[in-house]
Amino acid sequence: MKRILVLFRNDLRTNDHPALNQAGKDGEVLPVYITHARQQVHASDWFLHYQLIDLKQSLRQLNLPLLVVKGDTVSVLQQFVDEFKIEAIYLNQTYIETAYEGDQVILELAKKLAVQIKFFQPNTLVAFHTILTNQNQHYKVFTPFWKRLIQADIIKPTRAPASYHAINVSESSSQEIEQLNLLKDSDWTAKFEHYWKPGETYAHQLLEQFINHALPHYNEKEYPSLDIASRLSPYIAVGAISPRVIWDRIVEEMLLTEDQQDRIIIEKQGWAFLRQLAWRDFAYQQLAVYPDAKRKALKENFNQFPWLKDHQRFDAWKKGETGYPLVDAGMRELWETGWINNRVRMVVASFLVKHLRIDWRWGQAWFEETLIDHDQANNVLGWQWVTGSGFDAAPYFRVFNPIRQAEKFDPDGTYIKQWLPELTDLPIAYVHHPSKAPKAILEQANLEWGQTYPAPLVEHDQARKQALAAYDMIKESK
Ligand SMILES: Cc1cc2nc3c(=O)[nH]c(=O)nc-3n(C[C@H](O)[C@H](O)[C@H](O)COP(=O)(O)OP(=O)(O)OC[C@H]3O[C@@H](n4cnc5c(N)ncnc54)[C@H](O)[C@@H]3O)c2cc1C
């Protein structure tokens, strides 16, 4: 039987894992995950750590081991090919560059080692480079991409073989996941266990819970206190659940709903949800075509933007001390739980790049460190969208007013008060802009400017004008 090494990356699951499932049909299997030493622990490392433990258990139930090793991909693969007499390497495609070398490097290594290499479908709805315009170009704008995607063949989830044959390895070939010390005894990540439960089975349960309770109300997903969005993002990012399985299950739910009224609702909200899921495919496609997008603005003129290198302001933003309650609540929720909803992500990101005029790459790096669902493609696309530097992005001149956004998306201040307990006693009329509260009200609410809650870091109208003036400079330099 062929001896096959299956390399896991952002696809830490056993269901709908094209490389693993095919390897099980073709020969004896050795599942491997390679991790690199990182200087600083990221929130997503916590999720990764527990997802790896879960994957190891799931594979054990299939009589397969999981070798988890620290090192660089090339040397580890070289060593394993030799040690276990590997004849083929199977892996699902990806363009994400974190924590492992790219597909090209592995392809070249396989040629050098004279082992067969097989790439399988990536962790997306459609294969890379298949959604193209009539002129065979990649789409730069989402809506026509989406229209083409829904006509395309969404990849069908793969079927696992009835049983797997393992390549026998000694326990000493792999380190215990705990010993890898991915979390470096970090106190900060310890609290994530109050908010998250990694695992493949749990990801499927969460999807069912979402379908049963929240999907009919998906149009309200932007309201942070309602908690409607699925929160599947960390599971999708690490690959605990496949986007194809999610797609299939939502479509099935639309077809299964018998009551006509309910069906109209589920179809409408189901398609709205699938459209969001397709944004992820769009993000992966952009990263595949423009791998530099992590470092460079897609719209060239933004690379000349006069960003302010103001570390004090940046620190205030990171800590949730800008004096704008929705921004501060968001940044504090992010630090505490590793997650904020899409609207809050847009508001805090916009405040950084427009009100504070700080480089989007600083914000992107902070999100990379603190988001439990960090996904390179989505994060890059999200920041370029908010900045206005992406091809299909919110124009820079449209500056979110953080007070209006708070009034609209947290009208009764529930979310703000949850994350900013110092504002608990403030009457609703002032909770979105405490700086407008008269002295007597502040006293009653036990608020002291600059002491219990910061005064606004910048004044909205003025910050907006300055942002637009800075934008005029790069508009002219185009
Ligand atoms: C500045 C910024 C940074 C972001 N960084 C990330 C990131 O690192 N990781 C990440 O997964 N998402 C990121 N997003 C996109 C989006 O905010 C999250 O995917 C979403 O909030 C996750 O919550 P959910 O799973 O409950 O979403 P749901 O609304 O339930 O959506 C389901 C899934 O669809 C995908 N999705 C939804 N919205 C988007 C979107 N706008 N772009 C791309 N995919 C989407 C995600 O995989 C998500 O899990 C970012 C957005 C912005 C504005």
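Below you will find a few notes about this structure.

Cut-off values and rules
Residues numbered from 1 in each chain as written. Predicted model: local features only at pLDDT ≥ 70, side-chain atom pairs only at ≥ 80, totals over all residues. Heavy atoms only, no water. 1 Å grid on protein atoms, 1.4 Å probe; cavity = no way out; pocket = protein on both sides within 12 Å on 5 of 7 lines; lining within 4 Å. Points joined across faces, edges and corners; volume = space filled by probe spheres on them. Helix = DSSP H or I, 4+ residues; strand = E, 2+ residues; numbered from the N terminus. Nonpolar A, V, L, I, M, F, W, Y, C, P; charged D, E, K, R; others polar. Domains from an automatic or database assignment. Phe/Tyr/Trp six-rings, centres within 6.5 Å; stacked < 30°, edge-to-face > 60°. Buried < 20%, exposed > 50% of the residue type's maximum accessible area, 1.4 Å probe, protein only. Lys NZ or Arg CZ within 6 Å of the ring centre and 35° of its normal. Near = heavy atom within 4 Å. Polar contact = N/O pair within 3.5 Å; in protein donor to acceptor, adjacent residues only side chain to side chain. Areas by Shrake-Rupley, 256 points an atom, 1.4 Å probe, with all protein chains shown as cover.

So, on to the layout of surface pockets. Space inside the largest pocket adds up to approximately 1200 Å³. Lining the largest pocket are 39 residues, with Gln-276, Trp-279, Asn-342, Arg-345 and Asn-378 sitting closest to its centre. Elements that contribute at least two residues to the lining of the largest pocket include exactly α5 (142–151), α8 (233–238), α10 (260–289), α13 (342–355) and α15 (376–387). With 7 residues, α15 is the largest single contributor of residues to the lining of the largest pocket. Across the lining of the largest pocket, the residue classes tally to 19 nonpolar, 11 polar and 9 charged. Viewed by domain, the lining of the largest pocket spans two of them, domain 2 (124–155 + 199–289) and domain 3 (300–476), each represented by three or more residues.

With that out of the way, let us pick up empty space enclosed by the protein. Per the stated rule, a full pass over the model turns up 4 cavities of 30 Å³ or more. Looking at the largest cavity, its volume works out to about 90 Å³. Lining the largest cavity, in full, are Thr-124, Val-126, Ala-127, Phe-128, His-129, Thr-130, Ile-131, His-138, Phe-145, Asp-281, Gln-285 and Ala-288. Top element by residues in the lining of the largest cavity is α10. It accounts for 3 residues. Taken together, the residues of the lining of the largest cavity break down into 6 nonpolar, 5 polar and 1 charged. Every residue along the wall of the second largest cavity is listed here: Lys-221, Tyr-223, Pro-224, Asp-227, Ile-228, Ala-229, Arg-231, Glu-333, Trp-339, Asn-341, Val-344 and Tyr-415. Classifying every residue of the lining of the second largest cavity by side-chain character gives 7 nonpolar, 1 polar and 4 charged. Each of domain 2 (124–155 + 199–289) and domain 3 (300–476) accounts for three or more of the residues forming the lining of the second largest cavity.

Our next topic: the packing of aromatic side chains. Applying the stated rule across the entire model yields 37 aromatic pairs. Seen in terms of ring centroids, Tyr-139 and Phe-145 are 6.4 Å apart; in terms of plane orientation they differ by 80°. Their pairing is edge-to-face. Take Phe-145: its relative accessible area is 1%, and that puts it in the buried class. Within the aromatic cluster, the residues linked to one another by ring pairs are Trp-46, Phe-47, Tyr-50, Trp-188, Phe-192, Tyr-202, Tyr-235, Trp-335 and Trp-366. The residue whose ring lies beneath Lys-191 is Trp-335, and the NZ or CZ to ring-centre distance is 5.5 Å. The aromatic ring of Tyr-396 is capped on one face by Lys-354, whose charged end is 5.1 Å from the ring centroid.

Turning our attention to the site of the ligand. Close contacts around the ligand come from 26 residues, with Tyr-218, Ser-230, Arg-231, Gln-276 and Asn-342 the closest. At 3.2 Å from an oxygen atom of the ligand is found a main-chain nitrogen or oxygen belonging to Leu-232. Contact between the ligand and Gln-276: a nitrogen atom at 2.9 Å from a side-chain N or O atom of the residue. Look at the ligand: alone it shows 820 Å² of surface, and the protein chains cover 95% of it. Elements with a contribution of two residues or more to the shell around the ligand: α8, α10, α13 and α15. Take the shell around the ligand: its biggest share by element is 5 residues, from α10. Looking at the shell around the ligand residue by residue, the classes come out as 12 nonpolar, 8 polar and 6 charged.

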